[in-house]
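Listed here are the chains, written in short residue letters.
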Amino acid sequence: MTPAGLYVPMITPFDGNGAVALDALSALAHEVLAAGAVGLVALGTTAEPHALSAVEQRMVVDAVAAACREHRAGLLVGAHTAPELRALAGRPEVTAALCLVPPFLRPGEEAVLAHYARLAEESPVPLVAYHVPYRTGQQLGVSTLRRLAGLPGLVGVKHAVGGIDADTIALLADPPSGFAVLCGEDAYASPLLALGAAGGILASAHLVTADYAELVSAWRSGDVARARPLGHRLAALSAALFAEPNPAVVKAVLHAQGRIPTPLVRPPLLPATSTATARALTCLARVPAVPV
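My aim in this report is to walk through the structure given alongside it, one point at a time. (Residues numbered from 1 in each chain as written. Predicted model: local features only at pLDDT ≥ 70, side-chain atom pairs only at ≥ 80, totals over all residues. Heavy atoms only, no water.)

**Overview of the overall build of the chain**
For step 1, the next point in the chain: The helix and strand inventory of the chain stands at twelve helices and eight strands.
For step 2, the next point in the chain: Rg of the C-alpha trace for the chain: 18 Å, near the compact-globule value of 19 Å for 292 residues, within the 12% margin.
For step 3, the next point in the chain: Referenced to the eigenvectors of the C-alpha coordinate spread, the extents of the chain come out at roughly 45 × 45 × 35 Å.
For step 4, the next point in the chain: Across the chain, the fraction of contacts at a sequence separation of at least 24, relative to all contacts at a separation of at least 6, is 71%.
For step 5, the next point in the chain: Approximately 12000 Å² of the chain is accessible, and the part contributed by carbon and sulfur atoms is 56%.
For step 6, the next point in the chain: Across the chain, the centroid of the 20 positively charged side chains sits 2 Å from that of the 22 negatively charged ones. (Helix = DSSP H or I, 4+ residues; strand = E, 2+ residues; numbered from the N terminus. Rg over C-alpha atoms; globule rule 2.2 N^0.38 Å. Contact = heavy atoms within 4.5 Å. Areas by Shrake-Rupley, 256 points an atom, 1.4 Å probe, with all protein chains shown as cover. Lys, Arg positive; Asp, Glu negative; His and termini not counted. Charge placed at Lys NZ, Arg CZ, Asp CG, Glu CD.)

Below you can see the structure in the form of structure tokens.
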């Protein structure tokens, strides 16, 4: 399975008592899939997995997997260790695991390759590497990304390098066969798709999902006249949604729309400010909805 198209990394909504609001999560999952997402991500960074208990994590994956099963959609699950990967063996809905480049230690590119080779041997599902160097502290050059693409069991990379650099250009100028480059930086989705990315993992697509799906489709079909202006408007929306630490503003907007019971996030995050929420709602109103 080589992932392509729009994936939405699901938030974890909480109720007024601070518990996981499973009904709201299930409804959101069905909504975004019906609106054009080809798949979902469970336990990605947007889901606040650091703040979920093991029981809550299983409940979240169960709810998201059920929606994916009903819609015959792809499902990526955040899993970064061999035990977490092995736990996916009993979940037939899971099409791949999203695995973070080892953070903080900066082990070096050779060690990163060895790390993924070990995980791939242990994993019952293919792996998508999550490359986000401004969080992990570990850069990966284009030659390393190409070697990563050549490892058995590696089917893609979530590309979130904080922009578009020379390595990005070189990678997408000659993309490895059978290896998907997925945009993981919402504000850069349109230019990365224009360069040839296979799709995106975009938290912003909780909102106006059909527009983000259309953006992916338009660039992949070469419809520049449709893609460029839509990309400009969605970039402004994404910038507003990420003005404060994700997923606080996304949750605030979803709550304002009545789609989740509260805008709560768990520590160490803080709820979105009223200023950021109002700015995001203004940007959202400027994006014309694509008919579903």
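**Quick look at the pattern of salt bridges**
For step 1, the next point in the chain: Inspection of every chain in the model, using the stated rule, returns eight salt bridges.
For step 2, the next point in the chain: For Arg147, the salt bridge goes to Glu110, with nearest N and O atoms at 2.6 Å. Residue Arg147 is found in helix α6 (residues 142-149), and its partner Glu110 is found in helix α4 (residues 109-122); the two are separated by 37 residues along the sequence. (Salt bridge = Lys/Arg side-chain N within 4 Å of Asp/Glu carboxyl O.)

**Brief notes about the packing of helix α9 (residues 209-221) against helix α10 (residues 224-241)**
For step 1, the next point in the chain: Two elements in contact, α9 and α10, have axes separated by 9 Å at closest approach and are oriented at 140°. Overall, the two elements α9 and α10 adopt an arrangement that is oblique. Seen from above, α9 lies across α10 with left-handed handedness. Note on element contacts: α10 touches α9 through Val224, Arg226, Ala227, Arg228, Leu230, Gly231, Leu234, Leu237 and Ser238, opposite Asp211, Tyr212, Glu214, Leu215, Ala218 and Trp219.
For step 2, the next point in the chain: Its residues placed into classes, the contact of α9 with α10 shows nine nonpolar, two polar and four charged. (Axes fitted to C-alpha atoms, helices over the stretch in contact; angles between N-to-C directions. Parallel < 35°, antiparallel > 145°, perpendicular 65-115°, else oblique. Left-handed = near helix turned anticlockwise from the far one by under 90°. Nonpolar A, V, L, I, M, F, W, Y, C, P; charged D, E, K, R; others polar.)

**Quick look at helix α1 (residues 22-34)**
For step 1, the next point in the chain: In this model α1 runs 18 Å from its N-terminal to its C-terminal C-alpha over 13 residues, within 8% of the 18 Å that 1.5 Å per residue would give.
For step 2, the next point in the chain: By the burial criterion, the buried members of α1 are Ala24, Leu25, Leu28, Ala29, Val32 and Leu33. The buried residues of α1 occupy an angular sector of 160° when projected down its axis, which confines them to one face. Away from the buried face of α1 by more than 90 degrees, exposed residues Asp23 and Ala34 are located.
For step 3, the next point in the chain: Residues of α1 that are buried make contact with β1 (5-9), β2 (39-42), α2 (54-71), α9 and α11 (248-256).
For step 4, the next point in the chain: The positive-phi residue at the C-terminal boundary of α1 is Gly36, with phi of around 130°. (Expected span 1.5 Å × (residues − 1). Buried < 20%, exposed > 50% of the residue type's maximum accessible area, 1.4 Å probe, protein only. Arc of directions from axis to C-beta.)

**A closer look at unusual backbone geometry**
For step 1, the next point in the chain: Cis geometry is adopted by the peptide bond preceding Pro247, which originates at Asn246 and carries an omega value of 10°.
For step 2, the next point in the chain: Along the chain, the position of Pro247 falls in the loop between α10 and α11.
For step 3, the next point in the chain: Here Pro267 and Pro268 are connected by a cis peptide whose omega angle stands at 10°.
For step 4, the next point in the chain: Positive phi, close to 75°, is recorded for Phe104, a residue that is not glycine.
For step 5, the next point in the chain: Relative to the helices and strands, Phe104 resides in the loop between β4 (96-100) and α4.
For step 6, the next point in the chain: Of note in this structure, Arg106 is not a glycine but carries a positive phi near 50°.

**Considerations on the packing of aromatic side chains**
For step 1, the next point in the chain: Across all of its chains, the model carries zero aromatic pairs by this definition.
For step 2, the next point in the chain: Across from the ring centre of Tyr130, 4.2 Å away, lies the NZ or CZ of Lys158, which sits over that ring. (Phe/Tyr/Trp six-rings, centres within 6.5 Å; stacked < 30°, edge-to-face > 60°. Lys NZ or Arg CZ within 6 Å of the ring centre and 35° of its normal.)

Any functional reading would require information that these geometric values do not contain.
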